[in-house]
Amino acid sequence: MAVSAMMKLTLGPIAYHWPAGMRRDFYARIADEAPIDEVYLGEVICSKRAPFHDSDLPATIERLERAGKRVIVSTLAEVMLRRERKATEAIAAMETPEIEVNNAAGLWSRGQRPHRIGPFMNAYNEATIAWMAGQGATHVCLPPELPGPAIAVAAQSARTLDLGVEVQVFGRASLAVSARCYHARAHGRTRDNCLFVCEDDPDGMPLSTRDGAALLRVNGIQTQSESYVALSSELPELGAMGVTHARLMPQDVDMVKVAEIFDALRCEQATPQQAEAKLAATCKGAGFSNGFFHGVAGYRRIAHRAAGEH
Amino acid sequence: MTESDFSQAGELVCPAGTPAALRTAVDAGADSVYCGFRNATNARNFPGLNFSPDELASSVSYAHRRGAKVLLALNTYPPAGQTELWRQAAAQGVAAGVDAFIVADMGVAQHIAETHPQARLHLSVQAAASSPEAIRYYCDHFGVKRVVLPRILTIPEIRQIRTEIPCEIETFIFGNHGLMVEGRCSLTNWLTGQSTNMDGVCSPAAQVSYERDADGSMRSCLGGFTIDSFASDETAGYPTICKGRYVAPHRAEGYYAFEEPVSLNLARLLPELMDAGVHAFKIEGRQRSKSYVRQVVSSFRRAVDAIRAGEDPALADLVALTEGQKQTQGAFETKKWR
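Residues numbered from 1 in each chain as written. Chains lettered and ligands numbered in written order. Predicted model: local features only at pLDDT ≥ 70, side-chain atom pairs only at ≥ 80, totals over all residues. Heavy atoms only, no water.

Chemist: What is the right way to look at the packing of helix α10 (residues 255-266) of chain A against helix α11 (residues 272-282) of chain A in this model?
Modeler: A packed helix pair is summarised by two numbers, namely the angle formed by the two axes and the spacing between the axes. Residues and elements named next belong to chain A. One can describe the packing of α10 onto α11 by two numbers: an axis separation of 10 Å at closest approach and a directional angle of 180 degrees. Taken together, the axes of α10 and α11 lie roughly antiparallel to each other. Of α11, the residues touching α10 (which contributes Lys-257, Val-258, Ile-261, Phe-262 and Leu-265) are Pro-272, Ala-275, Lys-278, Leu-279 and Thr-282. In terms of residue class, the contact of α10 with α11 is built from 7 nonpolar, 1 polar and 2 charged. (Axes fitted to C-alpha atoms, helices over the stretch in contact; angles between N-to-C directions. Helix = DSSP H or I, 4+ residues; strand = E, 2+ residues; numbered from the N terminus. Parallel < 35°, antiparallel > 145°, perpendicular 65-115°, else oblique. Contact = heavy atoms within 4.5 Å. Nonpolar A, V, L, I, M, F, W, Y, C, P; charged D, E, K, R; others polar.)

Chemist: Explanation requested: helix α5 (residues 132-142) of chain B in the structure shown.
Modeler: Working note: α-helix, 3.6 residues per turn, so residues spaced by three or four point in the same direction. All names here are of chain B. Burial analysis of α5 places 9 of its 11 residues in the buried class, which makes it a mostly covered element. Turning to α5, its buried residues are Pro-132, Glu-133, Ala-134, Ile-135, Arg-136, Tyr-137, Tyr-138, Cys-139 and Phe-142. Note on α5: the residue one or two positions beyond its end, Gly-143, has a positive phi of about 70 degrees. (Buried < 20%, exposed > 50% of the residue type's maximum accessible area, 1.4 Å probe, protein only.)

Chemist: Would you explain the interface of chain B and chain A in this entry?
Modeler: In many analyses, interface size is given as the accessible surface area lost on bringing the parts together. Contacts between chain B and chain A engage 68 residues on the former and 66 residues on the latter. Of the roughly 5700 Å² buried between chain B and chain A on both sides combined, carbon and sulfur atoms contribute 58%. Taken together, the connections running from chain B to chain A amount to 5 salt bridges. The partner of Arg-210 of chain A in a salt bridge is Asp-228 of chain B, and the shortest N-O contact between them spans 3.2 Å. Put simply, chain B and chain A have 36 residue pairs in polar contact (both at pLDDT 80 or more) between them. (Buried area = accessible area lost by both parts, 1.4 Å probe. Salt bridge = Lys/Arg side-chain N within 4 Å of Asp/Glu carboxyl O. Polar contact = N/O pair within 3.5 Å; in protein donor to acceptor, adjacent residues only side chain to side chain.)

Chemist: How should I be thinking about α11 of chain A in this particular structure?
Modeler: Listed in full, the buried residues belonging to α11 of chain A are Pro-272, Ala-275, Leu-279 and Thr-282 of chain A. Seen end-on, α11 of chain A carries its buried residues on one side only, within an arc spanning 90 degrees. (Arc of directions from axis to C-beta.)

Chemist: What is the right way to look at the pattern of salt bridges in this model?
Modeler: Opposite charge on two side chains permits them to pair, given that their charged atoms come into close proximity. All names here are of chain B. Taken as a whole and judged by the stated rule, the model has 40 salt bridges over all chains. For Arg-301, the salt bridge identified is with Asp-31, shortest N-O distance 3.0 Å. One end of the pair, Arg-301, is in helix α10 (residues 290-308); the other, Asp-31, is in the loop between α1 (19-27) and β2 (32-35), with 270 residues separating them in the sequence. Residues participating in the shared-partner salt-bridge network are Glu-11, Arg-120, Arg-146, Glu-168, Glu-170 and Lys-282.

Chemist: Is there a simple way to think about unusual backbone geometry in this case?
Modeler: Leaving glycine aside, a negative phi is the common case for residues, and trans is the common case for peptide bonds. All names here are of chain A. Put simply, Thr-96 and Pro-97 share a cis peptide bond, and its omega is -10 degrees. Within the secondary structure layout, Pro-97 lies in the loop between α4 (82-92) and β4 (98-101). One non-glycine residue, Asp-162, lies in positive phi territory at about 70 degrees. The residue Asp-162 is located in the loop between α7 (148-160) and β7 (164-177) in this model.

Chemist: I keep staring at the confidence of the model for chain B and nothing clicks. Help me out?
Modeler: Should pLDDT be low for a region, the predicted coordinates there are not to be read in detail. When pLDDT is averaged across chain B, the result is 92; 97% of the residues are at 70 or more. Per-residue pLDDT stays below 50 along residues 1-7 of chain B; that stretch engages in 17 contacts with residues further than four places along the chain or on separate chains. (pLDDT = per-residue confidence, 0-100.)

Chemist: It is not clear to me how the side chain of Ser-220 of chain B should be interpreted in this structure. Could you clarify?
Modeler: Residues and elements named next belong to chain B. Inspection of the secondary structure puts Ser-220 in strand β9 (residues 218-222). Reaching out from Ser-220, the side chain makes a polar contact with the backbone oxygen of Gly-237 at a distance of 3.2 Å. Once residues within four sequence positions are removed from consideration, Ser-220 is found in contact with Ser-209, Tyr-210, Phe-225, Thr-226, Ile-227, Asp-228, Phe-230, Gly-237 and Pro-239.

Chemist: Hey, could you run me through the side chain of Ser-131 of chain B in this one?
Modeler: Structurally, the position occupied by Ser-131 of chain B is in the loop between β5 (121-123) and α5. For Ser-131 of chain B, the side chain forms a polar contact with the main-chain nitrogen of Ala-134 of chain B, separated by 3.1 Å. Sequence-distant contacts of Ser-131 of chain B, that is, excluding residues within four places in its chain, are made with Val-79, Arg-85 and Ala-105 of chain A.

Chemist: What's the story with the packing of aromatic side chains in this structure? I'm lost.
Modeler: Describing an aromatic ring pair means giving the distance of the ring centres and the angle of the ring planes. In the structure shown here, the tally under the stated rule is 17 aromatic pairs over all chains. Note on Tyr-137 of chain B and Tyr-138 of chain B: the rings are 5.7 Å apart at their centroids and 80 degrees apart in plane angle, and the pair reads as edge-to-face. Under the relative-accessibility criterion, Tyr-138 of chain B is labelled buried at 3%. Through a chain of ring-to-ring contacts, the aromatic side chains of Trp-131 of chain A together with Tyr-137, Tyr-138 and Phe-142 of chain B assemble into a single cluster. Stacked on the ring of Trp-108 of chain A, the Lys or Arg Arg-136 of chain B has its end atom at 4.7 Å from the ring centre. Sitting above the plane of the Tyr-255 of chain B ring, Arg-251 of chain B keeps its charged end 4.2 Å from the centroid. (Phe/Tyr/Trp six-rings, centres within 6.5 Å; stacked < 30°, edge-to-face > 60°. Lys NZ or Arg CZ within 6 Å of the ring centre and 35° of its normal.)

Spelled out as structure tokens, the structure:
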């Protein structure tokens, strides 16, 4: 059996301001149909959005757990305002389900109680991972920009400490967060009077260069990549490095299909070439990138080399 | 240096990209100077800048003889497998006699706290600690004595934080005004393959080009992507990704999607910041010339001394430093900035 067959497939938290109904339908399908092992819930990007879907959280957790998924609640990446501090504290106080911390404020509130380390926590190296493990971390999601050789070293040390190790293998890369809302700014508003204009862009608002190259996506205070990260060919290598969890970030595409494609890959029921063709058909119009993994500009796509090729 | 040397409010923390700039800053009245080694261990790893271990040692002597302190920036995030470079830099900093280390990575902070327990730690803006809880985390675990606050807080918010944390506060008051949460930005790596967090690089000059088009207009590019374009009679700006102009579906004309190319200047807010309990004022610009450092540092020196003496500072001089350029008080003045 391939090492990658042991890997768990996870679904990251929804980064966008999807309406409550869309979220409910989305998670119902994930629960019923997707070969996903673990699901991260909760608002990670903008504290103003949370009231729209917080009340659905218990039912969603219950629905997913009933379908056999492990559920983890993630905290905000940016914590500054009183409501953000309160929201982080509230999640840090939860006994169940598991939580994923994305800001040091959450680490402070959580103390030594078990928690996962989210991708915004900057766990770049073995020293930091060892420190976090000593403080109660059970699992670490590595930053998306970490190149392959560093992932290998980080995963090795995390495994020695008996931590789960997660890498994003699908979806737009988070490239920056800010205190300013760029969605509001694009519409001549400020964050305080944004009127939730980010809801209009369920897969982010495209930003192109002035000569027409699609470059970035705006999602409220977050800036994302235009292309989707796709570490499909790299999945076996990630498994061999000791990465235990592969994260799919929810995009406005058929995520059940995406999960099926990665499931087939990890079980070696599909070749990377087949997976890539299926991903392209499922995510029409999207570009794919794997530059970060290969230590080059993130937007680039390095072609898969079959074994024996040079 | 003792703890009490760090105790006077209104400490001016000034940039030094080179030993010569360090001497200039000290002579112009800097209380502290911050600098870094010539490698990836600091967030201004630019060609032609920074210090060798020997240069750092002699610079520390120069500063100490004149009553100034030297703060060493070790504020990048070592990628797994390369932590030794940061550990070596910490040991070299201790050997050179620096007065504090400015750190962001928890592994680096933990290493210094454990291996060099006498060393004083400042939390870099790159750690993005923007709440009392986050700041306390670093104080409790690593003994951090000062936090450099992200440039996203209003003065009332800073005043509030001051009452809830056990350490000093340093804020940026002048210079380049970054818009993204520091330490959480991979934009440069996305376009160039060099990382701000891991390599200390932001919009690297080696990947900048200026392309003139047939109509005389100029494009400033990074990694081959057009970050902004300028008519033939405009001055082409440096292609910093978060200061570029882009096109969105309903902004077909191109607009500053993140921020205009403005400079931070909090001269007018100095008295209020001191009153809010800000301990140290940081001037950005390790990449700047000696004459720039001399002018900015000496102007702020006079202003801070005037405020300390209970006099009205000649703020017009400071405001004039950025005259002709666009300037902002950013988030410090109003949360409408967000």
